[in-house]
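Coordinate inspection notes
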Number of protein chains: 4
Amino acid sequence: MSSTDFSCSARVYYEDTDAGGVVYYANYLKFFERARTEWGRAAGIRQSELNESRGLIFPVKSVAIEYHAPAKLDDELKLSAMVERVGRASIQFKQEIRRVCGTDSVLLADGRVTVVCVDVKDFRPRAIPDDILEKIRSQA
Amino acid sequence: MSSTDFSCSARVYYEDTDAGGVVYYANYLKFFERARTEWGRAAGIRQSELNESRGLIFPVKSVAIEYHAPAKLDDELKLSAMVERVGRASIQFKQEIRRVCGTDSVLLADGRVTVVCVDVKDFRPRAIPDDILEKIRSQA
Amino acid sequence: MSSTDFSCSARVYYEDTDAGGVVYYANYLKFFERARTEWGRAAGIRQSELNESRGLIFPVKSVAIEYHAPAKLDDELKLSAMVERVGRASIQFKQEIRRVCGTDSVLLADGRVTVVCVDVKDFRPRAIPDDILEKIRSQA
Amino acid sequence: MSSTDFSCSARVYYEDTDAGGVVYYANYLKFFERARTEWGRAAGIRQSELNESRGLIFPVKSVAIEYHAPAKLDDELKLSAMVERVGRASIQFKQEIRRVCGTDSVLLADGRVTVVCVDVKDFRPRAIPDDILEKIRSQA
């Protein structure tokens, strides 16, 4: 990923794992979303505020994810999100989850997630407001 | 439990388990809620309808749960809910989770859950509407 | 999907939803897995048994999912899984989630999931045992 | 709580919420466990290590929780855990979840959680090893 991608960290707890002894496959999508949310926060975008003041939410339209190696209990993870494309009503992210090992890291999963700006009442697409677009671009 | 308690069944999937090889402790509360929801459905109470048409929801006020034996992957569970007390704005349930073994069953967890009728906008308690009270009593 | 695909049903509970008022995007992967698990059970494959007796598990290698319409609280869902391809150590499924409306249904999400047969100890791929392959093919 | 209790912080994401617009009631138990885990880490106890090297895990025996006010999307939480009692094979924690508001905080939920030291193979209670007891007491 480029040097401009955003990342934050997370820890693996029992809640994230399953009886296979590793993180449950659906839960990587939770880690993906934490990274997108923190990316937004760093750009000055708070989802709860957007929902309350303008009735806009950003549900996910599609996900493609590859699992390379399993995350395990107590692992320290590095979660990253990078904007690949911004449309009139959508944002496409490239995302990665890495296990941190000292100063090194190992790729555990990566993928693409596309979110769409919709009205919370009818889930119809709406153009991303200009001020939000500006924040996205400044951060991307 | 009395012969009048309500029960439904559920299966344990990977999503419910953790790296200890058993169902994650928080997930028993999901099973508890499925039983309360199906109890309500059997009584003619649909939570989504109550929320949309009257702005009422029933968040949980307190839980006390004892774990007796672990539920495991592929277990078939019997979930039960029995109304113990109905207040002006609250309902107290006695609940059980049992593993089904042929015609027998083993107690895995039991507890008490109290829910409160509140306005979805401000989460302030509101009296349970009379028609709902009637449905609760007919089912209890 | 073909007439030979497998399906089972599920109900949407509060546990599945998020503050957007709809099912949380990661939770559709739980529904996908329930369908694969029930497909296996119908074919005579029990995952807990495979793990305990042969040390084999089937973690997910990749997922591609499209979200078409949101599932909501109390929705009755039809979950389907169809085997598209069987490799030496992998199985690729085509999956769908539909909302049941009387005798009709609406597509909410569909996608592809590839699982790999691995040793539970080291997560290295292992050939799917012949008797399991036979069960997969009889069911596919 | 006393000045000796342990606390860490967490953020509320969509994954934690439900269609009531607030954190799902079972998920407070995830926050409780994160606090206990981080308390253990601060005391030099790593659960994954205990499991792998000595075959010991600490499943929950009982929970009593009161919900005072709902946690919401984007809330910053303070999670605390304090050891109330240490038995031969059990530890009882007093726990709290607070919403952080600047330099102040509001109590959202509190409760008691008792965990038991068991053998991961048969889930039978085992005495907590002396070196672990010492770490617990130094931290409590």
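Remember, it's a predicted structure, so these values are computed and weren't measured experimentally. (Residues numbered from 1 in each chain as written. Chains lettered and ligands numbered in written order. Predicted model: local features only at pLDDT ≥ 70, side-chain atom pairs only at ≥ 80, totals over all residues. Heavy atoms only, no water.)

**Comments concerning the relation of the copies chain B and chain D**
For the pair chain B and chain D, the relating rotation is 180°, the translation along its axis is 0.0 Å, and the fit reaches an RMSD of 0.0 Å. Read as a symmetry element, the transformation amounts to a two-fold axis. Among all residues of chain B, the one whose C-alpha sits closest to the rotation axis is Ala64(B), at a distance of 2.1 Å. Here 100% of the contact residues of chain B are again contact residues in chain D; the copies associate through an equivalent surface. (Least-squares fit on C-alpha atoms with pLDDT ≥ 70 in both. Contact = heavy atoms within 4.5 Å.)

**Quick look at the pattern of salt bridges**
Inspection of every chain in the model, using the stated rule, returns 40 salt bridges over all chains. The partner of Arg99(A) in a salt bridge is Asp75(A), and the shortest N-O contact between them spans 2.8 Å. Of this pair, Arg99(A) sits in strand β5 (residues 90-101) while Asp75(A) is found in the loop between β3 (60-67) and β4 (76-86), placing the two residues 24 residues apart along the sequence. Residue classification places Asp75(A) among the buried positions, given a relative accessible area of 12%. For Lys94(A), the salt bridge is made with Asp110(A), and the minimal N-O distance between the two is 3.7 Å. Remark: Asp110(A) occurs in strand β6 (residues 104-116) and Lys94(A) occurs in strand β5; sequence separation between them is 16 residues. Neither Lys94(A) nor Asp110(A) differs from the other in exposure class; each is buried. By sharing partners, the salt bridges in this structure join Glu38(A), Arg41(A), Arg46(A) and Asp74(D) into a single network. (Salt bridge = Lys/Arg side-chain N within 4 Å of Asp/Glu carboxyl O. Helix = DSSP H or I, 4+ residues; strand = E, 2+ residues; numbered from the N terminus. Buried < 20%, exposed > 50% of the residue type's maximum accessible area, 1.4 Å probe, protein only.)

**Overview of helix α3 (residues 130-139) of chain C**
Residue and element names in this part refer to chain C. Within the sequence span of α3, burial applies to Ile132, Leu133 and Ile136. Mapping the buried residues of α3 onto a view down its axis gives an arc of 100°, with all of them on the same face. Looking at α3, the residues exposed on the side facing more than 90 degrees away from the buried face are Asp130, Glu134 and Ser138. Looking at the packing, one finds that the buried side of α3 touches α1 (27-42), α2 (47-54), β4 (76-86) and β5 (90-101). (Arc of directions from axis to C-beta.)

**Observations regarding the pairing of strand β3 (residues 60-67) of chain D**
Pairing analysis gives five bridges linking strand β3 (residues 60-67) of chain B to β3(D), with the strands arranged antiparallel. From the neighbouring strand, Ile65(B) faces β3(D), where its bridge partner is Val63(D). Summarising the sheet, β3(D) and strand β6 (residues 104-116) of chain D pair through seven bridges and their orientation is antiparallel. Paired with Val60(D) across the bridge in β6(D) is Val115(D). (Pairing = 2+ DSSP bridges.)

**Observations regarding the interface of chain B and chain D**
With 25 residues of chain B at the contact, the number on the chain D side is 25 residues. For the pair chain B and chain D, the summed buried area comes to about 2,100 Å², and 58% of that belongs to carbon and sulfur atoms. Applying the counting criterion to the chain B and chain D interface returns zero salt bridges. Counting across the chain B and chain D interface gives 10 residue pairs in polar contact (both at pLDDT 80 or more). When contributions to the side of chain B that touches chain D are tallied by element, the ones reaching two or more residues are α1 (27-42) and β3 of chain B. Of the residues belonging to the side of chain B that touches chain D, the class tally is 16 nonpolar, four polar and five charged. (Buried area = accessible area lost by both parts, 1.4 Å probe. Polar contact = N/O pair within 3.5 Å; in protein donor to acceptor, adjacent residues only side chain to side chain. Nonpolar A, V, L, I, M, F, W, Y, C, P; charged D, E, K, R; others polar.)

**Describing the interface of chain C and chain A**
With 25 residues of chain C at the interface, the matching set in chain A holds 25 residues. Taking both partners together, chain C and chain A bury about 2,000 Å²; carbon and sulfur atoms supply 58% of that area. Considering only the side of chain C, the residues that lose the most area to chain A are Tyr25(C), Lys61(C) and Tyr67(C), jointly responsible for 27% of the buried surface there. Scanning the region where chain C abuts chain A turns up zero salt bridges.

**What to know about the sheet that holds β5(A)**
Paired through backbone hydrogen bonds, the strands of a sheet run either parallel or antiparallel to each other. Spatial ordering of the open sheet is given by β1(A)-β4(A)-β5(A)-β6(A)-β3(A)-β3(C)-β6(C)-β5(C)-β4(C)-β1(C), a layout of 10 strands whose pairing is antiparallel. Here the strands that pair on one side only, and so sit at the sheet edges, are β1 (6-11) of chain A together with β1 (6-11) of chain C. Going from strand to strand, the sheet's axes swing by 20° on average, the running direction of each strand aside. Pairing geometry for β1(C) and β4(C), over six bridges, is antiparallel. Residue pairing for β4(C): Phe6(C) is matched across the bridge by Ala81(C). On the sheet, helix α1 (residues 27-42) of chain A packs against β1, β3, β4, β5 and β6 of chain A together with β3 (60-67) of chain C and is oriented at approximately 130° with respect to β1(A). Sheet strands touched by α3(C): β1, β4 and β5 of chain C. Its angle to β4(C), the strand with the most contacts, is close to 120°. (Axes fitted to C-alpha atoms, helices over the stretch in contact; angles between N-to-C directions.)

**A look at the environment of Ile45(C)**
All names here are of chain C. Looking at the secondary structure, you find isoleucine 45 in the loop between α1 and α2. C-alpha separation for the pair isoleucine 45 and aspartate 131, spaced 86 residues apart in sequence, amounts to 9.9 Å. Beyond its immediate sequence surroundings of up to four residues, isoleucine 45 is in contact with Gly40, Leu50, Ile132, Lys135 and Ile136.

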